[in-house]
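Analysis of the macromolecular model
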Amino acid sequence: MKKLSLGFSPCPNDTFIFDALIHHKIDTEGLEFDVFFDDVETLNRKALQGVLDITKLSFHAFAHVSDKYVLLDAGSAFGFGVGPLLISKTAYTPKEVKSQPSLSVGIPGTFTTANFLLGIAFPELQHKKELVFSAIEESLLNEELNLGVIIHENRFTYVQKGLHKVMDLGDYWEQETGMPIPLGGIVIKRNIDTETQHTVNRLIRKSVEYAFEHPEASSDFVRQHAQELDESVRKQHIDLYVNKYSIDLGDLGKKAIRVFFEKGQSAGLISTSIEKLFLT
């Protein structure tokens, strides 16, 4: 039996997607997985070091490791209306933010798609502080930062904490490109044989399909790892980030990724050549 290392986040969308795979609710075709749970920026940095055989990562990070990893068709967090939000305790407008480049901003990691979109929408904001995504709201409430970019389930909780939306960075992307926003994908090392790469892709797709067909089957696993204890928030999180693009990127998904990298190169956020991104 072949064993591969697999990394993904403890967030509800990932645990929902991978539950059937790692708990043998589907036939794993002779593969075993050594699972690592990490926040998205830790996964990004592990990918930069080539630590894991298969990993979830931000598409921003993928642009820096596409020579080592190839993108699978299944497992992505992707779509319309799913982007990160720029928020604040003081109710700033986007114009006010652009006129005050000295404002400090908390980001969930340098290589996150959230930081990538921030760099496109607000290139003047350079005073950035990296924080674990779940700590950004508290830093704003304590007035340690002026602005924060939130991801995951925090988009469902910031209003009740008295924080304000400055801009939906996903909406900004959609208005600029007309494309769904690529947040995170699943990649596998290029030096793993092609047959195994395709088997892993097939298994992840089957795991997602199983999760959709049996939505309650993963509930204990999702609850066990979720930062947010409220069941309705966990369900909102899954409904938002797990969709048809999680089963298969399709032509539109792949086109959106190419546009994402082209935008990044034009903005000076990505300097590497982007070729042969997808599993063939």
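Throughout what follows, the structure given in this document is the object of discussion. Values in this document were obtained by computation on a predicted structure and should not be read as measured data. (Residues numbered from 1 in each chain as written. Predicted model: local features only at pLDDT ≥ 70, side-chain atom pairs only at ≥ 80, totals over all residues. Heavy atoms only, no water.)

Right, let's talk about the overall build of the chain for a bit. When helices and strands are counted, the chain shows twelve helices and eleven strands. Taken along its principal axes, the extent of the C-alpha atoms in the chain is 55 × 40 × 30 Å. Classification of the 280 residues of the chain by burial places 58% in the buried group. For the chain, restricting intrachain contacts to residue pairs at least 6 apart in sequence, the fraction spanning at least 24 positions comes to 78%. If you sum the accessible surface of the chain, you get close to 11,800 Å²; carbon and sulfur atoms cover 48% of it. (Helix = DSSP H or I, 4+ residues; strand = E, 2+ residues; numbered from the N terminus. Buried < 20%, exposed > 50% of the residue type's maximum accessible area, 1.4 Å probe, protein only. Contact = heavy atoms within 4.5 Å. Areas by Shrake-Rupley, 256 points an atom, 1.4 Å probe, with all protein chains shown as cover.)

Next up on the list: the pattern of salt bridges. Side-chain pairs of opposite charge can arise whenever the charged atoms involved come near each other. Inspection of the entire model under this criterion finds 18 salt bridges. The residue Asp193 makes a salt bridge to Lys2 at a minimum N-O spacing of 2.9 Å. With Asp193 in the loop between strand S11 (181-189) and helix H8 (194-213) and Lys2 in strand S1 (residues 2-8), the pair connects residues that are 191 residues apart, well separated along the chain. Residue Lys2 is classed as partly exposed on the basis of its relative accessible area, which comes to 35%. Each of Glu29, Arg202 and Lys206 takes part in a single network of salt bridges with overlapping partners. (Salt bridge = Lys/Arg side-chain N within 4 Å of Asp/Glu carboxyl O.)

On to empty space enclosed by the protein, then. Counted by the stated rule, this structure contains one cavity of 30 Å³ or more. Reported here for the largest cavity is a volume of approximately 230 Å³. Lining the largest cavity are 19 residues, and of these Val40, Ile151, His152, Leu183 and Gly184 sit closest to its centre. When contributions to the lining of the largest cavity are tallied by element, the ones reaching two or more residues are helix H1 (12-22), strand S3 (54-58), helix H5 (113-121) and S11. No other element matches the three residues that S3 contributes to the lining of the largest cavity. Its residues assigned to classes, the lining of the largest cavity shows nine nonpolar, eight polar and two charged. (1 Å grid on protein atoms, 1.4 Å probe; cavity = no way out; pocket = protein on both sides within 12 Å on 5 of 7 lines; lining within 4 Å. Points joined across faces, edges and corners; volume = space filled by probe spheres on them. Nonpolar A, V, L, I, M, F, W, Y, C, P; charged D, E, K, R; others polar.)

This brings us to H1. An α-helix turns once every 3.6 residues. As a result, residues three or four positions apart point the same way. Burial analysis of H1 places eleven of its eleven residues in the buried class, which makes it a mostly covered element. Buried within H1 are the following residues: Pro12, Asn13, Asp14, Thr15, Phe16, Ile17, Phe18, Asp19, Ala20, Leu21 and Ile22. His24 occupies a position one or two residues after H1 and carries a positive phi of about 55°.

Turning our attention to the packing of H5 against helix H7 (residues 169-177). Helix-helix packing: each pair is described by the crossing angle between the helix axes and the interaxial distance. Where H5 meets H7, the axes come as close as 10 Å, and the angle between the chain directions of the two elements is 60°. Judged by the inter-axis angle, H5 sits oblique to H7. In this structure, H5 meets H7 at a crossing whose hand is left-handed. Judged by residue contacts, Ala114, Leu117, Leu118, Ile120 and Ala121 of H5 engage Leu169, Tyr172 and Trp173 from H7. Across the contact of H5 with H7, the residue classes break down as eight nonpolar, no polar and no charged. (Axes fitted to C-alpha atoms, helices over the stretch in contact; angles between N-to-C directions. Parallel < 35°, antiparallel > 145°, perpendicular 65-115°, else oblique. Left-handed = near helix turned anticlockwise from the far one by under 90°.)

A few words on helix H12 (residues 250-266). Its 17 residues give H12 an end-to-end C-alpha distance of 25 Å, which sits within 8% of 24 Å, the value for a rise of 1.5 Å per residue. Looking one or two places after H12, you find Gly268, whose phi comes out positive at around 75°. (Expected span 1.5 Å × (residues − 1).)

Here we take up the pairing of strand S2 (residues 31-37). Of the pairings in the sheet, the one linking S1 to S2 comprises seven bridges and is parallel in character. Looking at the pairing, Lys3 lines up with Glu32 of S2. Remark: the S1/H1/S2 crossover connection has right-handed handedness. (Pairing = 2+ DSSP bridges. Right-handed = clockwise from strand over helix to strand, strands pointing away.)

Here we come to the environment of His225. With respect to the helices, strands and loops of the structure, His225 is situated in helix H9 (residues 219-225). Between the alpha carbons of His225 and Val70 there is a distance of 27 Å; along the sequence they are 155 residues apart. Residue contacts for His225: discarding those within four places in its chain leaves Pro10, Thr15 and Phe37.

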